[in-house]
Amino acid sequence: MLTPPLWLDPLPQPRPALRGPLAVDVVVLGAGLCGASAALHLVQEGLRVAVVESRAGAMAASGRNAGFILQGTAERYSRARALMGHERARRVHAWSVENHVRMAEAITKLGISCEYQRRGSLQIGAGPEEEAELLESARMMVEDGFEAEVRQGEALHERYRARGNTVALYLPGDGEVHPARLVRGLLDAAERGGAQIFEGCPATALDASTAGDVRVTTPEGEITAEVAVVALNARVSDLLPYFRDKVDPVRGQMLATAPLPPLFECPIYANHGYDYWRQDPAGRIVLGGWRNLDPEAEVGHAETLHAQIQARMTEFVQSWVPDQTVEITHRWSGIMGFSRDGLPLVGPAPGTPGAVVGAGFTGHGFGFAFLAGAALARLILDGQHPFCDDLSPHRMR
Ligand SMILES: Cc1cc2nc3c(=O)[nH]c(=O)nc-3n(C[C@H](O)[C@H](O)[C@H](O)COP(=O)(O)OP(=O)(O)OC[C@H]3O[C@@H](n4cnc5c(N)ncnc54)[C@H](O)[C@@H]3O)c2cc1C
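Everything numeric in this text was worked out from a predicted model, so none of it was measured.

Chemist: Just give me the short version of the site of the ligand, but keep the residues and values in it.
Modeler: With respect to spatial proximity, 41 residues lie near the ligand, and among them Gly30, Gly32, Gly252, Gly334 and Gly365 are the closest. Of the residues in the shell around the ligand, the class split is 21 nonpolar, 15 polar and 5 charged.

As structure tokens, then:
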């Protein structure tokens, strides 16, 4: 049965919506990780900022995910290098490492209580081909200056060897977090810094055709601003039609169990990233994925359950605890924004001079979106940021 996401139980009470006209320097559309980070970095520079969110902060992907903070893109590093080229893959990977460092600094500095831990991640292959890819990735990551350790033989825990795994890749720099608390903590900090945050307040129209004269319409008020930050994830094309054939909505299934004794030492990312799970500090297994069982069905904007995928996920989680019946307390889904080349789209919005955009994080937003928000703030203030040069939406024509 569908429940609220573990991280949003109980569901947060939205802040009041906008009523009447408002003039600010920057209007941020969307209060997920990307929008929250942009708003925070902009108020820290003394700008007048309004955030417009149709639901409540972190109620979409940013509060529905597994809370993994992984380095890199959805591709293993060896494949990333083959697809993007060596230098570009290295740069993109390095951005995700920087994203984590800066996010961790912000959590500490702002005192956000969000169960942040840095225990690394374990990348497990689904067979000999993927295990070879993991070995190759380890070699290439070390060559490029990233931390990566091969775990095989005795160094790979018996619980994985018993299932036929022979090789895993341990990435000590990775982490995990209570995602909704992190994002809502960033929003609270932005609000304390002066941002005006409107929730239950959809942006129904955006006119950003003229730089310096941007208008956002909401049901009961209009905002004028110099510039808009569009951080709508899978919904980006609702207000920026340019992205209609560039960002696709893809559903991910999730479940969480009642607390169990310690089983997993860190987040596990398996089967080319299709399957992923971890134990939160209370001992709950939080598990997601198995989308490859029915990829055609797992598209669109509906946050619904897929019965067969959920059943397979339940069987899998049960298989780790054969002596007792595992209680599943939460089942939910969320919508990811997949870009057509698997990389985030962050920078000026093509054909819309008054808007910048952060979208298309392709299931890895906690590896990029905090830095994306910071980079968009610098883009607005300085006209440039190298992260936006590397991941500019202009690359897709
Ligand atoms: C099931 C699942 C598991 C995942 N697991 C992980 C993981 O473990 N690690 C990881 O790195 N990533 C993971 N991801 C991806 C990650 O959650 C996203 O990449 C990231 O949260 C994107 O952040 P965002 O701010 O771009 O988007 P969102 O969090 O989706 O924020 C966009 C916001 O825009 C709002 N909005 C939409 N339309 C309008 C409108 N017209 N007006 C106003 N507001 C609007 C939405 O309500 C939403 O709050 C997962 C995603 C899902 C769905």
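Chemist: Explain the sheet that holds strand 13 (residues 227-230) to me, using residue names and the numbers behind them.
Modeler: Strands sit in the order 9-3-2-13-20-19 across an open sheet of 6 strands; the sheet is mixed. Edge positions in the sheet fall to strand 9 (196-198) and strand 19 (345-348), since each has one partner strand and no second. Each neighbouring strand pair of the sheet contributes to a mean axis angle of 15 degrees, computed without reference to strand direction. Sheet topology note: the strand 19/strand 20 (residues 355-359) ladder contains 4 bridges and is antiparallel.

Chemist: Break down helix 2 (residues 77-84) for me, citing the residues and quoting the values.
Modeler: For helix 2, the complete set of buried residues consists of Tyr77, Ala80 and Arg81. All buried residues of helix 2 lie within an arc of 100 degrees about the axis, which places them on one face of the element. Taken from the residues just after helix 2, Gly85 is the one with a positive phi, measuring 95 degrees.

Chemist: Give me the lowdown on the domain arrangement of the chain, citing residues and values where you can.
Modeler: When the parts of a complex come together, some accessible area is lost, and that lost area is often used as the size of the interface. Domain boundaries in the chain define domain 1 (6-64 + 180-246 + 341-395) and domain 2 (121-170). Taking the mean C-alpha position of each, domain 1 and domain 2 sit 37 Å from one another.

Here is what the cut-offs are and how they apply
Residue numbers restart at each chain and count upward from 1, following the sequence in its written direction. The predicted nature of this model means local features are confined to residues of pLDDT at least 70 and side-chain atom pairs, given and counted, to a pLDDT of 80 or more, with totals for whole chains, interfaces and linings taken over all residues. Whether a residue is near a molecule or strand depends on its C-beta atom, placed from the backbone, lying within 6 Å of it. Each residue receives one of three labels: charged for Asp, Glu, Lys and Arg, nonpolar for Ala, Val, Leu, Ile, Met, Phe, Trp, Tyr, Cys and Pro, and polar for the others, Gly being one of them. Pairing between two strands requires that DSSP report at least two bridges joining them. Strands here are runs of E lasting at least two residues and helices are runs of H or I lasting at least four, both read from the DSSP assignment and numbered beginning at the N terminus. Only the stretch in contact is used when a helix axis is fitted, and all axes are lines through C-alpha atoms; the angle between N-to-C directions ranges over 0 to 180 degrees. In this scheme the burial state of a residue depends on its C-beta neighbours within 10 Å: 20 or more other such atoms mean buried, 12 or fewer mean exposed, and anything in between means partly exposed; the C-beta positions come from the backbone. Taking the helix axis as origin, the arc is that swept by the directions to the C-beta atoms. For every domain, the bounds stem from an assignment made automatically or drawn from a database.

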